[in-house]
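# Observations on the model geometry
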Amino acid sequence: MKRLEQSSGSLAAQAIARMDETLSWYRAMPPENRSWIGLVAQAGIAAFTEWFRHPDAPQAISTDVFGTAPRELTRAITLRQTVEMVRTTIEVMESAIDEVAAPGDESVLREALLVYAREIAFATAQVYAQAAEARGAWDARLESLVVNAVLSGEADEGAVSRAAALGWNSPEHVCVVLGTAPDGDSELTVEAIRRAARHAKLQVLTGVLGDRLVVIAGGSDNPLHVAKGLIGPYAAGPVVAGPIVPDLLAATRSAQAAAAGLKACAAWQDAPRPVLADDLLPERAIASDPAAREQLVEEIYRPLEEAGSALLETLSVYLEQASSLEGAARMLFVHPNTVRYRLRRVTDVTGWSPSDVRSAFTLRIALILGRLADGDLQP
């Protein structure tokens, strides 16, 4: 024990010199971090001395060795680098066994060093596991704050900064996908979403808020493609993808559309899964979603109005006549081919086909809302 105690200082100095000689990352570190690593090496050798004195006493080696360095050191050096540091120190101690041990006790000291090296390995893993868990818990809270800010319409530059800290690098195309969260551990659900996102080559911010699984996805300009790539972890029930927006600040609009669509899905029992929020515009409008009402008026009614009264009149009569070309032609006193031509123009102008049942329903709601809007504008 006397020999070991007297050699502690020189062994620590040898370990530092060996690191400086063999570890390039150590040489490249700033002086402050190198000094902390030196303290860890000294503490490790001192802890071995104390452990060798009382091998049966329960001791927290991780506290004895790594407690001398600040918590930030686990961010400054990686687990691989820490393992290299510990290995170098143990090798220096092992090479000095013949000098330090009393004659005949070399094997005893060598065996003790081997056992201690195992304990140090476990302690190293514990320190980095605790640091990773702490960072993971903090990141999860930070991610929940960002997701909640987007969903509640409170996204600001602070949310963008928090997202950047989580690795979000501002993709050009962003959309929000909403659905029901499965029962069980929400962390497993979040991890499943991340795996699906990696497979689909998407960036995601995700979280379970109440009974809803929220995913903010970036990297694709096709919201339906995004939703299909991420749908696996969602529970049974509707999954709604909001429209594409340019960035995270605008993702609130996509989230609100997806939330309104998820609420309105009950009115369209045959809705596909997943479904676009824009495909639920009539149900959302009936459910008092002002954004859906405005979108129907501005994207369907106003363009038809600007294209000429003939298109609006023809579409209205055609829908009132149960989508009958001949009936509409008789009411308008025109040839059926004229009606057919005008309906094709309606499709070109709005993107919705009057001959399709679902599109016809959307067009009818748009006409109603447009007329109501015109009525409100009149004195």
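Residues numbered from 1 in each chain as written. Predicted model: local features only at pLDDT ≥ 70, side-chain atom pairs only at ≥ 80, totals over all residues. Heavy atoms only, no water.

Its 18 residues place the ends of helix α14 (residues 290–307) 25 Å apart at the C-alpha level, agreeing with the 26 Å of an ideal helix rising 1.5 Å per residue. Largest kink in α14: about 30°, centred on tyrosine 301, with the proline proline 303 one to four residues after it. A positive backbone phi angle near 120° is found at glycine 308, which sits one or two residues after α14. (Helix = DSSP H or I, 4+ residues; strand = E, 2+ residues; numbered from the N terminus. Expected span 1.5 Å × (residues − 1). Bend = angle between axes of the 7 residues up to and from the residue.)

Glancing now at the side chain of glutamate 143. Inspection of the secondary structure assignment puts glutamate 143 in helix α8 (residues 106–152). Setting aside residues no more than four positions away along its own chain, glutamate 143 makes contact with Leu166, Arg194, Val204, Leu205 and Thr206. (Contact = heavy atoms within 4.5 Å.)

It is worth spelling out a negative patch on the surface at this point. A surface patch of like charges, here negative, comprises Glu154, Asp156, Glu157 and Asp247. Along the chain, aspartate 156 turns up in the loop between α8 and α9 (157–165). (Patch = residues over 30% accessible without salt bridge, like charges linked within 9 Å, V, L, I, M, F, W, Y side chains within 5 Å. Areas by Shrake-Rupley, 256 points an atom, 1.4 Å probe, with all protein chains shown as cover. Salt bridge = Lys/Arg side-chain N within 4 Å of Asp/Glu carboxyl O. Lys, Arg positive; Asp, Glu negative; His and termini not counted. Charge placed at Lys NZ, Arg CZ, Asp CG, Glu CD.)

One way to put it is that helix α16 (residues 325–332) packs onto helix α17 (residues 336–350) with a least axis distance of 8 Å and a crossing angle of 105°. Comparing the axis directions of α16 and α17 gives the class roughly perpendicular. Between α16, through Leu325, Ala328, Ala329 and Leu332, and α17, the contact on the second element is made entirely by Pro336, Val339, Arg340, Arg342 and Leu343. (Axes fitted to C-alpha atoms, helices over the stretch in contact; angles between N-to-C directions. Parallel < 35°, antiparallel > 145°, perpendicular 65-115°, else oblique.)

The next thing to look at is the side chain of serine 316. Within the element layout of this structure, serine 316 appears in helix α15 (residues 309–320). In this structure serine 316 comes out as buried when scored by relative accessible area, which is 15%. There is a polar contact of 2.7 Å between the side chain of serine 316 and the side chain of arginine 371. Apart from residues no more than four positions distant in its own chain, serine 316 is found in contact with Leu367 and Arg371. (Buried < 20%, exposed > 50% of the residue type's maximum accessible area, 1.4 Å probe, protein only. Polar contact = N/O pair within 3.5 Å; in protein donor to acceptor, adjacent residues only side chain to side chain.)

Turning next to the pattern of salt bridges. Throughout the structure, instances matching the rule amount to 8 salt bridges. Residues glutamate 91 and arginine 18 are paired through a salt bridge, measuring 4.0 Å at the closest nitrogen-oxygen approach. With a gap of 73 residues between them, glutamate 91 in helix α6 (residues 79–95) and arginine 18 in helix α1 (residues 2–22) connect regions that are remote in the sequence. Here arginine 302 and glutamate 305 are joined by a salt bridge, their closest N and O atoms 3.0 Å apart. On the criterion of helical spacing, the pair formed by arginine 302 and glutamate 305 is a turn pair, its members being 3 residues apart in helix α14. Within this structure, Arg302, Glu305 and Asp374 form a network of salt bridges that share partners.

Before going further, it helps to examine the packing of aromatic side chains. Here the structure, examined in full by the defined rule, presents 1 aromatic pair. Just above the ring of tryptophan 268 sits the side chain of arginine 358; from NZ or CZ to the centre is 3.5 Å. (Phe/Tyr/Trp six-rings, centres within 6.5 Å; stacked < 30°, edge-to-face > 60°. Lys NZ or Arg CZ within 6 Å of the ring centre and 35° of its normal.)

As a further point, take the pairing of strand β2 (residues 203–209). When β2 meets strand β3 (residues 212–218), the two strands line up antiparallel, connected through 7 bridges. Along β3, the bridge assignment pairs leucine 209 with arginine 212. (Pairing = 2+ DSSP bridges.)

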